Amino acid sequence: MQKYQLRTRNRVEFQDITASVADAIRSQQVDSGLCVVYCPHTTAAITINENADPDVPRDINAFMNSTIPHRGDYRHAEGNSDSHIKAAYVGPSQTLIIHAGRPLLGRWQGVFFCEFDGPRDRTFYVKVMKDPHE
Amino acid sequence: MQKYQLRTRNRVEFQDITASVADAIRSQQVDSGLCVVYCPHTTAAITINENADPDVPRDINAFMNSTIPHRGDYRHAEGNSDSHIKAAYVGPSQTLIIHAGRPLLGRWQGVFFCEFDGPRDRTFYVKVMKDPHE
Amino acid sequence: MQKYQLRTRNRVEFQDITASVADAIRSQQVDSGLCVVYCPHTTAAITINENADPDVPRDINAFMNSTIPHRGDYRHAEGNSDSHIKAAYVGPSQTLIIHAGRPLLGRWQGVFFCEFDGPRDRTFYVKVMKDPHE
């Protein structure tokens, strides 16, 4: 299992972590298997989406900000219930197929760390599981 | 694979099932691998979020109830389309990394069974897969 | 790993792919393990929900269409930001438990390919991982 750290700069932002995921797979020398990218935080998430046009993550976050407001009828005293709701919708992990030594991603897909309550120092894990049939 | 049963008490509620997940891993004596927590129902889900302050699941459910209303412009005759929509957003399973014989969870993370159409008797499964490199 | 192709007929629709998933598992002759159903597109997704009453996917899509509008305050020039947002909420993959040679699904559950920007020719992958303890 590999552990990665990053620093976010804004309250809400997506950071492209595709290179780290590919690196974790390469370093384990696994040709075929599964790869789990896991976020251990409750106000952040992992997603897979288009990483060609930065307006895509921008639009996703603008939509989420407008429909899951920061200030609302919440009770959680830390004032970040919106971040927990966003994390529940997007989810704490993504599972990728490893094929030919690389993460099987579509042409436009990248893996993103989703910050919903930054800026903060954050961590994510990549677990590579070799196919026992390999 | 382990099968667990629980009873929910309300139409909508989250039940913390972290102890069952940890128990399933321990009973399989797997040190390193993956663990899938799976919900076989279409009006319930599995999520991972903060289990320290009960206001967090309360706020998530209050938000979902207000934005995904029980009564709406739905056609499904059972009257629980909201529950199916919530299940689609949160998802039927979570995949955890097993590290050092335990589920790799962040400090504030717990695993929840999400009831969206209770009260009912419910089931979930935990599948533990040992890393063949272990 | 198996690759499957399908053609969608509408901008938004769910296609039941449960038979393909079961077929992929059967063809690998795996009795116990995990199965990942993966969508390589950024405007489509994979979900698990009720496949008995077609009003369930109909209601899920009607709800998503009304709350995640096609035309909105988006910047992404392709005009399909709603599709990317829906894909982020539903997610690009589902992980299933394989038990007794079949996908472990609840009585009412089916696996769906979710088209959010069709009609198009689409692809999905099914990766079967045998439990090394089997």
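Our subject is the structure listed above.
Our subject in this report is the structure included herewith. These numbers were taken from a predicted model, which means no experiment stands behind them. (Residues numbered from 1 in each chain as written. Chains lettered and ligands numbered in written order. Predicted model: local features only at pLDDT ≥ 70, side-chain atom pairs only at ≥ 80, totals over all residues. Heavy atoms only, no water.)

Some points on helix α2 (residues 55-67) of chain A
With 13 residues, α2 of chain A extends 18 Å from end C-alpha to end C-alpha; this agrees with the ideal 18 Å at 1.5 Å per step. In the core, the buried residues of α2 of chain A are packed alongside β2 (13-16), β4 (44-50), α3 (81-90) and β7 (109-115) of chain A together with α2 (55-67) and α3 (81-90) of chain C. (Helix = DSSP H or I, 4+ residues; strand = E, 2+ residues; numbered from the N terminus. Expected span 1.5 Å × (residues − 1). Contact = heavy atoms within 4.5 Å.)

Re the interface of chain B and chain C
Facing the 31 residues of chain B at the interface are 35 residues of chain C. Contact between chain B and chain C buries roughly 2700 Å² in total, counting both sides, with carbon and sulfur atoms accounting for 62%. The three residues of chain B that bury the most area against chain C are Tyr-38, Tyr-89 and Met-129 of chain B, which together make up 24% of that side's buried surface. Taken together, chain B and chain C are joined by one salt bridge. One salt bridge in this structure joins Asp-131 of chain C and Lys-127 of chain B, with 2.8 Å as the shortest N-O distance. Where chain B meets chain C, there are ten residue pairs in polar contact (both at pLDDT 80 or more). Top contributing element to the side of chain B that touches chain C by residue count: helix α3 (residues 81-90) of chain B, with six residues. (Buried area = accessible area lost by both parts, 1.4 Å probe. Salt bridge = Lys/Arg side-chain N within 4 Å of Asp/Glu carboxyl O. Polar contact = N/O pair within 3.5 Å; in protein donor to acceptor, adjacent residues only side chain to side chain.)

Description of the packing of aromatic side chains
What the rule picks out here adds up to 18 aromatic pairs over all chains. Seen from their ring centres, Phe-14 of chain A and Phe-116 of chain A are 6.3 Å apart, and the 70° between their planes marks the pair as edge-to-face. Here Phe-116 of chain A lies in the loop between β7 and β8 (121-130) and Phe-14 of chain A lies in strand β2, a separation of 102 residues in the sequence. Residue class for Phe-116 of chain A comes out buried when judged on its relative accessible area of 0%. An angle of 15° between the planes, with centres 5.2 Å apart, marks the rings of Tyr-4 of chain C and Phe-124 of chain C as stacked. Remark: Phe-124 of chain C occurs in strand β8 (residues 121-130) and Tyr-4 of chain C occurs in strand β1 (residues 2-7); sequence separation between them is 120 residues. Neither Tyr-4 of chain C nor Phe-124 of chain C differs from the other in exposure class; each is buried. Here the aromatic residues Phe-63 and Tyr-89 of chain A, Phe-63 and Tyr-89 of chain B together with Phe-63 and Tyr-89 of chain C are joined through ring pairs into a cluster of three or more. (Phe/Tyr/Trp six-rings, centres within 6.5 Å; stacked < 30°, edge-to-face > 60°. Buried < 20%, exposed > 50% of the residue type's maximum accessible area, 1.4 Å probe, protein only.)

Concerning the relation of the copies chain B and chain A
Overlaying chain B on chain A yields an RMSD of 0.0 Å, the required transformation being a rotation through 120° with an accompanying axial translation of 0.0 Å. The transformation just described matches what one would write down for a three-fold rotation axis. Looking at the rotation axis and the C-alpha trace of chain B, the residue lying nearest is Tyr-89 of chain B, at 3.3 Å. In this assembly the copies use different faces: only 20% of the residues contributing to the interface of chain B also contribute to that of chain A. (Least-squares fit on C-alpha atoms with pLDDT ≥ 70 in both.)

Regarding the sheet that holds β4 of chain A
Residue and element names in this part refer to chain A. With antiparallel pairing, three strands are arranged side by side in an open sheet as β2-β7-β4. With one partner strand each, in any of the chains shown, β2 and β4 form the two edges of the open sheet. Averaged over all pairs of adjacent strands, the angle between strand axes in this sheet comes to 35°, irrespective of strand direction. (Pairing = 2+ DSSP bridges. Axes fitted to C-alpha atoms, helices over the stretch in contact; angles between N-to-C directions.)

Side note on the sheet that holds strand β3 (residues 33-38) of chain B
Residues and elements named next belong to chain B. An order of β1-β8-β3-β5-β6 is seen for the five strands of this open sheet, with the pairing classed as antiparallel. Of all strands in the sheet, those with a lone pairing partner are β1 (2-7) and β6 (102-103), marking the two edges. Here two bridges tie strand β5 (residues 93-99) to β6, and the two strands are oriented antiparallel to one another. For His-99, the partnering residue across the bridge sits in β6 and is Arg-102.

A short note on the side chain of Thr-123 of chain B
All names here are of chain B. Tracing the backbone through its elements, the reader meets Thr-123 in strand β8 (residues 121-130). Owing to a relative accessible area of 12%, Thr-123 belongs among the buried residues under this scheme. If near-sequence neighbours (up to four positions away) are discounted, Thr-123 is found in contact with Lys-3, Tyr-4, Gln-5, Cys-39, Pro-40, His-41 and Phe-113.

Brief notes about the environment of His-76 of chain C
Tracing the backbone through its elements, the reader meets His-76 of chain C in the loop between α2 and α3. Those residues in contact with His-76 of chain C, other than ones at most four positions away along the chain, are Glu-50, Asp-53, Asp-55, Val-56 and Asp-59 of chain A together with Ser-81 and His-84 of chain C. Of the polar contacts made by the side chain of His-76 of chain C, one reaches the side chain of Asn-80 of chain C; its length is 3.4 Å.

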